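Single-letter residue listing:
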Protein chains: 2
Amino acid sequence: MALGEFDLIARYFTRPVHRAALGVGDDCALLRPTPGMQLAVSTDLLVEGRHFLSTVAPERLGHKALAVNLSDLAACGAAPLAFTLTLSMPRVDEAFLAGFAQGLFALADAHGIELVGGDTTAGPLTVGITVFGEVPAGEALRRDGARPGDRLWVSHPVGGGLGDARLALEAFRGRVDLAGEDFTTVRRAMELPTPRVALGLALRGLASAAIDLSDGLLGDLGHVRRRSGAAAGLPGPLGVRLHADALPCSPALARQDRALRLECSLAGGDDYELLIAAPPAHDAALRAAAATAGCALTPIGELTDDGALQVLDAAGRPVDTPWAAFDHFRA
Amino acid sequence: MALGEFDLIARYFTRPVHRAALGVGDDCALLRPTPGMQLAVSTDLLVEGRHFLSTVAPERLGHKALAVNLSDLAACGAAPLAFTLTLSMPRVDEAFLAGFAQGLFALADAHGIELVGGDTTAGPLTVGITVFGEVPAGEALRRDGARPGDRLWVSHPVGGGLGDARLALEAFRGRVDLAGEDFTTVRRAMELPTPRVALGLALRGLASAAIDLSDGLLGDLGHVRRRSGAAAGLPGPLGVRLHADALPCSPALARQDRALRLECSLAGGDDYELLIAAPPAHDAALRAAAATAGCALTPIGELTDDGALQVLDAAGRPVDTPWAAFDHFRA
């Protein structure tokens, strides 16, 4: 039986709310902000063929659409609260919707957050989520707080690293051949990213700046360098000494040649890990925070006041980095 | 010169924020909720060919994308605060972006609200906005507060009415021929709707229920009937006596034959006026509220406890209403 738009919304996306004052089904949802907290808001749009492949399972797409938004909250040190969803689909496909809702709500439930509103329509397959979180006034992690002398860290799975999502994409594109188990592992990294929400909360008061890695390490690092340089009153971006051979790397990516490994790690995109700047005095506290949050943190460089980006190998020699930052209109 | 994604965001969509603690350019925006207020949230997605025609001027598209979201805040009686934007476009077209931003920010400035975040990407042309407003706890207008005995009202332009947007669509489709001036007028209604924000604020404490008219009067009335019936403990929806010949109508629509006039007024869609239920004791206060808000309010029916929808002509005879509610997957 074909379901109409309103039936469809009711069937898959209307669930009772507990934290919100009013959920799906009215003109607006009503949230109850906690006194003294600021509301953190982020929005991401996923377009088929651009942010996900048509081969992705609906469950994984539902997970990923919310995960990339939660990753933005994590990068601000905000506690997740609620989200809205816009879904444009060529047709009403119940199997797709059921799977999508399952993946979406499994991740939402894991973080205790509620779907409070949305809009569904016919059109090309796109998924838009706006996510809301709370953070005490003045405690949000920002991109502009890094200072010369800070150490640069990156989060990653214990035993894993950056770049797996990009390696999976290159396997789908036919540029690399991966053994079955490696392909399964990196495909999972691409389709089921883990937002570092617990880590983000633990970094409040420790990190001087944070950003989530969505467009590739070098590109996202550029945002921190430019904004922090300006906030510090420097004439240009902060400088960075980045140790390319210190970048954490999964066994699957470690089996690739060095050029591809560096490209995936430094310019891969879709990692959804946190890039963090913090004073060296916080080294031990950062490691403890990561352990509590169930992930790893690896130091990968230092911030400087000389404005230069230096990507160095283990012997301190410059590494060639010919890749531009990820650009959705050029990729 | 072709602009990259980040340059483009910075050029057209980064403006300083005053009410928000942090605007565009970080992982999250940070809003400062006012103590004692609830946060009203609504989201709408506009897809080319479905919610707007490719012939629309970019300025008007920018206006409309925000207007339809502000209309949801109006229907809740919420004061607009901020919004986020997702924009998917086939290519970076500076003329389009400049016009779109102009129309968008002109309306935003008129309501004193700020763009606090967003996401742009390559893809089919879609515009997604999530809007935030504030309303004192317990004072939001909802769909479920209508009661038997309430009068039903609809807002409209002074000297105008419902259904013009639908009439414009039928002219674009070639179903009706309109004289030049009529076409200009109804096209403007379709492309430049006026969200009834001031009216919504003035209706707090007066209206027992409100909804904005986006999918056609009969369809949106159905939401109020069902939700209010359930909230009132009735076994089914509220009943309604709707006076078809009382529906306000523009001169352009009045020149059409009666069948088309009724279809456009009762099932047209895209009106972005408010449908309101209120006790008759509030008649005078409602008229005063409309006068203050610079629009008109016309009584169009009464709510009953008999569960039936009766659409009646001026002589009290039933009017045939063969149109289904607007459904984005069927239209």
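My aim in this report is to walk through the structure given alongside it, one point at a time. For clarity, every value in this text was computed on a predicted model and none was experimentally measured.

### Quick notes on helix 5 (residues 180–191) of chain A
Helical geometry: 3.6 residues make up each α-helical turn, so side chains three or four residues apart lie on a common side.
All names here are of chain A.
So, step 1. For helix 5, spanning 12 residues, the distance from its first C-alpha to its last is 16 Å, which sits close to the expected 16 Å at 1.5 Å a residue.
So, step 2. Of the positions making up helix 5, those classed as buried are Asp 182, Val 186, Met 190 and Glu 191. Considered in projection along helix 5, the buried side chains sweep an arc of 150° and stay on one side of the axis. Summarising the geometry of helix 5, the exposed residues directed more than 90 degrees from the buried face are Gly 180, Glu 181 and Thr 184.
So, step 3. The inward-facing, buried residues of helix 5 contact helix 2 (58–76), helix 4 (164–173) and helix 8 (251–254).

### With respect to the pattern of salt bridges
So, step 1. Summed over all chains, the structure comprises 37 salt bridges over all chains.
So, step 2. Close ionic contact of Arg11(A) with Glu94(A) constitutes a salt bridge, the shortest N to O distance being 3.3 Å. Taken together, the residues Arg11(A) in helix 1 (residues 5–13) and Glu94(A) in helix 3 (residues 94–110) connect sequence positions 83 residues apart.
So, step 3. Of the charged contacts in the structure, one is a salt bridge between Glu170(B) and Arg175(B), with a shortest N-O distance of 3.4 Å.
So, step 4. Because the salt bridges share partners, they merge into one network encompassing Arg166(A), Glu170(A), Arg173(A), Arg175(A) and Glu263(A).

### What to know about the side chain of Arg196(A)
All names here are of chain A.
So, step 1. Within the fold, Arg 196 resides in the loop between helix 5 and helix 6 (197–203).
So, step 2. By relative accessible area, Arg 196 is classed as buried at 10%.
So, step 3. Beyond its immediate sequence surroundings of up to four residues, Arg 196 is in contact with Ala 74, Ser 155, His 156, Pro 157, Tyr 272, Glu 273, Leu 274 and Cys 295.

### Looking at the sheet that holds strand 9 (residues 274–278) of chain B
All names here are of chain B.
So, step 1. What the 6 strands build is an open sheet, ordered 7-9-6-10-8-11; its pairing is mixed. Looking at which strands have only one partner, the edges of the open sheet turn out to be strand 7 (209–212) and strand 11 (309–312). Across the sheet, the mean angle from the axis of one strand to that of its neighbour is 25°, orientation sign disregarded.
So, step 2. Sheet analysis places strand 6 (residues 151–156) next to strand 10 (residues 296–304), joined by 6 bridges and oriented antiparallel.

### Digging into the sheet that holds strand 4 (residues 114–122) of chain B
So, step 1. Reading across the sheet, the 5 strands line up as 1(A)-2(B)-5(B)-3(B)-4(B) and stay open at both edges, with mixed pairing between neighbours. Edge positions in the sheet fall to strand 1 (29–31) of chain A together with strand 4 of chain B, since each has one partner strand and no second. Within this sheet the neighbouring strands show an average axis-to-axis angle of 20°, counted without direction.
So, step 2. Direction of pairing for strand 1 of chain A relative to strand 2 (residues 37–47) of chain B: antiparallel, over a ladder of 3 bridges. Its bridge partner being in strand 2 of chain B, Leu30(A) is matched across the sheet by Ala40(B).
So, step 3. Most of the contacts of helix 3 (residues 94–110) of chain B go to strand 3 (residues 79–89) of chain B, to which it runs at about 165°, and overall it touches strand 3, strand 4 and strand 5 (126–136) of chain B.

### Structural notes on the pairing of strand 4 of chain B
All names here are of chain B.
So, step 1. For strand 4, a buried count of 8 out of 9 residues is recorded, marking the element as mostly surrounded by other parts of the structure.
So, step 2. As paired strands, strand 3 and strand 4 are joined by 8 bridges and run parallel to one another. When the sheet's bridge partners are listed, Phe 83 is paired in strand 4 with Leu 115.
So, step 3. Crossover handedness for the path strand 3 to helix 3 to strand 4: right-handed.

### Quick notes on empty space enclosed by the protein
So, step 1. This structure, assessed with the given rule, holds 1 cavity of 30 Å³ or more.
So, step 2. Size it by volume and the largest cavity reaches roughly 60 Å³.
So, step 3. Contributions of two or more residues to the lining of the largest cavity are made by strand 3 (79–89) and strand 5 (126–136) of chain A together with strand 5 of chain B.
So, step 4. Residue classes in the lining of the largest cavity are distributed as 3 nonpolar, 9 polar and no charged.

### Section: the side chain of Asp182(B)
So, step 1. Here Asp182(B) is to be found in helix 5 (residues 180–191).
So, step 2. Within the local environment of Asp182(B), its side chain forms a polar contact with the side chain of Arg255(B), the two groups lying 2.8 Å apart.

The rules behind the values
- Residues numbered from 1 in each chain as written.
- Chains lettered and ligands numbered in written order.
- Predicted model: local features only at pLDDT ≥ 70, side-chain atom pairs only at ≥ 80, totals over all residues.
- Heavy atoms only, no water.
- Helix = DSSP H or I, 4+ residues; strand = E, 2+ residues; numbered from the N terminus.
- Expected span 1.5 Å × (residues − 1).
- Buried < 20%, exposed > 50% of the residue type's maximum accessible area, 1.4 Å probe, protein only.
- Arc of directions from axis to C-beta.
- Contact = heavy atoms within 4.5 Å.
- Salt bridge = Lys/Arg side-chain N within 4 Å of Asp/Glu carboxyl O.
- Pairing = 2+ DSSP bridges.
- Axes fitted to C-alpha atoms, helices over the stretch in contact; angles between N-to-C directions.
- Right-handed = clockwise from strand over helix to strand, strands pointing away.
- 1 Å grid on protein atoms, 1.4 Å probe; cavity = no way out; pocket = protein on both sides within 12 Å on 5 of 7 lines; lining within 4 Å.
- Points joined across faces, edges and corners; volume = space filled by probe spheres on them.
- Nonpolar A, V, L, I, M, F, W, Y, C, P; charged D, E, K, R; others polar.
- Polar contact = N/O pair within 3.5 Å; in protein donor to acceptor, adjacent residues only side chain to side chain.

By themselves, these are just geometric observations and shouldn't be taken as functional.
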